[in-house]
Amino acid sequence: TTPQPFAAVDLGASSGRVMLARVGPETLDLREVHRFPNRPVRVGRTLHWDVLALYRGVLDGLRAAGAAAGGRLAGVGIDSWAVDYGLLDESGALLGNPVHYRDTRTDGAAEKVAALLPPRELYAATGLQHLPFNTVYQLVAARGTPQLAAARRLLMIPDLIAYWLTGEAGTEITNASTTQLVDPRTRTWSPVVAARLGIDLGLFPPLRSPGDPAGTLLPEVLAETGLAGPVPMTVVGSHDTASAVVGVPATGDDFAYIATGTWSLAGLELDRPVLTEESRAANFTNELGVDGTVRYLRNIMGLWLLQECLRAWEAGGEPQDLAALLAGAADAAPLRSVVDAGDPAFLVPGGMPRRIAEACARAGLPEPRTPVEFTRCVLDSLALAHRRAVEDAQALSGRTAGTVHIVGGGAHNALLCQLTADATGLPVVAGPAEAAALGNALVQARAAGVVDGGLPRLRALLRATQPLRYYDPAGDRAAWDEAADRITGRARTARE
Ligand code: LFR
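Note that the coordinates shown come from a computational prediction; the quantities given were computed from them, not determined experimentally. (Residues numbered from 1 in each chain as written. Predicted model: local features only at pLDDT ≥ 70, side-chain atom pairs only at ≥ 80, totals over all residues.)

## A word on the overall build of the protein
If you tally the helices and strands in the protein, you get 19 helices and 21 strands. Seen along its three principal axes, the alpha-carbon backbone of the protein occupies a region of about 60 × 55 × 50 Å. When each of the 496 residues of the protein is scored for burial, the buried share is 53%. Considering only residue pairs separated by 6 or more positions, the protein has 75% of its internal contacts joining residues 24 or more positions apart. (Helix = DSSP H or I, 4+ residues; strand = E, 2+ residues; numbered from the N terminus. Buried ≥ 20, exposed ≤ 12 C-beta atoms within 10 Å, placed from the backbone. Contact = placed C-beta atoms within 7 Å.)

## Brief notes about the pairing of strand β6 (residues 75-80)
The buried fraction of β6 amounts to six of the six residues, a majority that puts the element mostly inside the structure. Residues Gly75, Gly77 and Asp79 of β6 are buried on one face, and the alternating residues Val76, Ile78 and Ser80, pointing to the opposite face, are buried as well.

## Quick notes on the site of the ligand
Surrounding the ligand, one finds 14 residues, the nearest of these being Trp81, Ala82, Val83, Thr241 and Trp263. In the shell around the ligand, the residues fall into seven nonpolar, six polar and one charged. (Near = placed C-beta within 6 Å. Nonpolar A, V, L, I, M, F, W, Y, C, P; charged D, E, K, R; others polar.)

## Things to note about the UniProt feature "domain: Carbohydrate kinase FGGY N-terminal" (unreviewed entry) in the protein
With numbering matched to this structure, UniProt assigns "domain: Carbohydrate kinase FGGY N-terminal" (unreviewed entry) to residues 9-247. Secondary structure across residues 9-247 comprises 34% helix and 24% strand; the distance between its end C-alpha atoms is 15 Å. (UniProt positions renumbered as here; feature names shortened; annotations may be inferred.)

## Quick notes on the confidence of the model for the protein
Looking at the protein as a whole, its pLDDT mean stands at 96, while 99% of the residues score no less than 70. Interface confidence for the predicted complex, expressed as ipTM, amounts to 0.98; the pTM equals 0.97. (pLDDT = per-residue confidence, 0-100.)

## Re the UniProt feature "domain: Carbohydrate kinase FGGY C-terminal" (unreviewed entry) in the protein
In the numbering used here, UniProt assigns the feature "domain: Carbohydrate kinase FGGY C-terminal" (unreviewed entry) to residues 256-448. As annotated, residues 256-448 comprises 46% helix and 17% strand, and the C-alpha atoms at either end are separated by 29 Å.

## Observations regarding the nonpolar core
Core analysis: the biggest nonpolar cluster contains 156 residues, and Phe6, Ala7, Ala256, Leu305, Ile356, Val428 and Ala441 have the highest contact counts within it. Counting residues per element, this core draws most heavily on helix α15 (residues 371-397), which supplies eleven residues. Ignoring anything within four residues of it in the chain, the contact list for Phe6 reads Ala21, Val23, Leu73, Ala74, Gly75, Ala441, Gln444 and Ala445. (Core = buried A, V, L, I, M, F, W, Y, C linked by C-beta atoms within 7 Å.)

## Regarding the sheet that holds strand β18 (residues 294-300)
Spatially, seven strands are ordered β17-β18-β16-β15-β19-β20-β21 in an open sheet, and the strand pairing comes out mixed. The open sheet has two free edges, formed respectively by β17 (285-288) and β21 (469-471), since each of these has just one partner strand. Adjacent strand axes in the sheet meet at a mean angle of 30°, parallel and antiparallel pairs treated alike. Strands β15 (255-260), β16 (264-270), β18 and β19 (403-408) of the sheet are contacted by α15, whose axis makes an angle of about 20° with β16. (Pairing = 2+ DSSP bridges. Axes fitted to C-alpha atoms, helices over the stretch in contact; angles between N-to-C directions.)

What follows is the structure, given as C-alpha cells:
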C-alpha cells in the first residue's frame, strides 16, 4: 500500500505549524510545510490570542500541505495548547478574541472557587493539578461579563478551529480534561463540580474522542486552500501534550516522559488516575490521554524561562544568539545558581532575567550576571525540576521508570537532555522533536485504517522511522543530590 498524506496542525504558544505526514503500515515520513508565529496581543489590560491570524496560518498551511501532496489529503487533525476557549453566540459567531491563559484576569479566582468547592474535593473529583489558569478559574473570572451572558456555546481552541473548518462542533476529551470539569474515572463531565461552581455544561458541545470522525472540510475551506474534496477531519488528542505522549517512542511501560517546549510536562502514562491527597499536595495532574490512558504529570515552567530572557535581552538592545549561549552554558560552572522551575511566580511575561536573579538572591545563591550564566541557571533548574517530577510521579503512583523520554522542541537541546540524564541518573532518549504532530498524524492514520493496533504499535513505528539520540547519566551525582535537596526544601518552605 502506498503511504497516505495526512495534515497535522499543531498550534503551540509561540508558533503554529502544519506538517505533512505520509503514513503507511511501515512508513512514517513527516515534513513541515508551513510555520507561522503565534503572537499574543494585549488590548487594554487583556492579553488575547490572535485567533484569526492563527486560522489564517492554518488555511495557508493546508494549502501548502495540499500542494506538497498533489492536491489531495487523506485527512486533517488539529491539536493546540489546552485550557483556553472561544465563546460563540446563538448564530455561531465568535464573541471576542479568546483570552490568553497567561492573562492576569484569573488573579483571585482560585479563592472564589475554593469558597464554592474546597480544593481537596475539587481534586478528588477531577484529579487536576492547580494551575491558576485552568478553564474553571477563567470561567469564574469571566462571570457576570456581558460576553459570557451572551454565550450559547464554548469551544476549546482546537475545537473552535475545527468548527470553522467543518461547521461541526464537538468537545475533544483529552483537552476537555484540562478544564477541571471532567471526572478522570468516568471520562465524562462531572455534573457535581459544574453545579457547585455554577458553570453551565450546556455550553459545551458533545464530548468526542481521538479517532472519532470530525466532519469534512467546508466548500469555502476547499476553495481557500485549493484542496480537492472530500477531505475528512479526524478527532485526535487535541491537547498538544496528549498527542505528544502518543509520539513518545517508548517500549513497554517502564518509562517516564518529558514533553518539552514552552512548558516541560513531566510524568508517567497510567491506566487509571491517582486521586490521593498526597498527589494533590504534590500538584500532580491526571489529564486524559489517548486510548483510555491517564497523563499523570506536573507542569514545569520549561523553556519559557529562556524564551523570556531572550525576549528581554532583545528588547534591551542586546539580542543573543541561542546556539552561542548554549555552547557557553555547557562550559559554565554547574549548579551555581538554581531556581524552582515549578514556581508559578514565573508564569506571567516580562522582566524574566531580573525575576530569576531575585529568586537566586532570595535563596542565598549567586545571581547570574551574563546571558551565559542565566542560560546555565535555567537549564540546571529545569533538569532539577525534571528529576523531581520523575521521582515524585513514581513514588505517588507506585510505578517505576527505567528510562526518560524527552520529546518536543527541547529534544534538540543537547545540554538540557544531558543535564536531565545527569540529574535523574537515568538514560534519556531524546526525540522526536515533533512528537505532537506525529501523535496527531498517527491517530488519524489509524482511524483511516492505514495502521492498526494500540499505542505500542504506533510507538514501534516511531522507533523504526524517527531519528533518536541517547544520553547516559554522567556528572557529579552528589552535587545533583545536594542541589535537589536544596530546591525541594525551598519549595516546601514556600508552600508552608
Ligand atoms: C503545552 C500545554 C500544557 C498546558 C499549557 C497551557 O503546550 O498544552 O500541557 O498546561 O500548554 O495550555
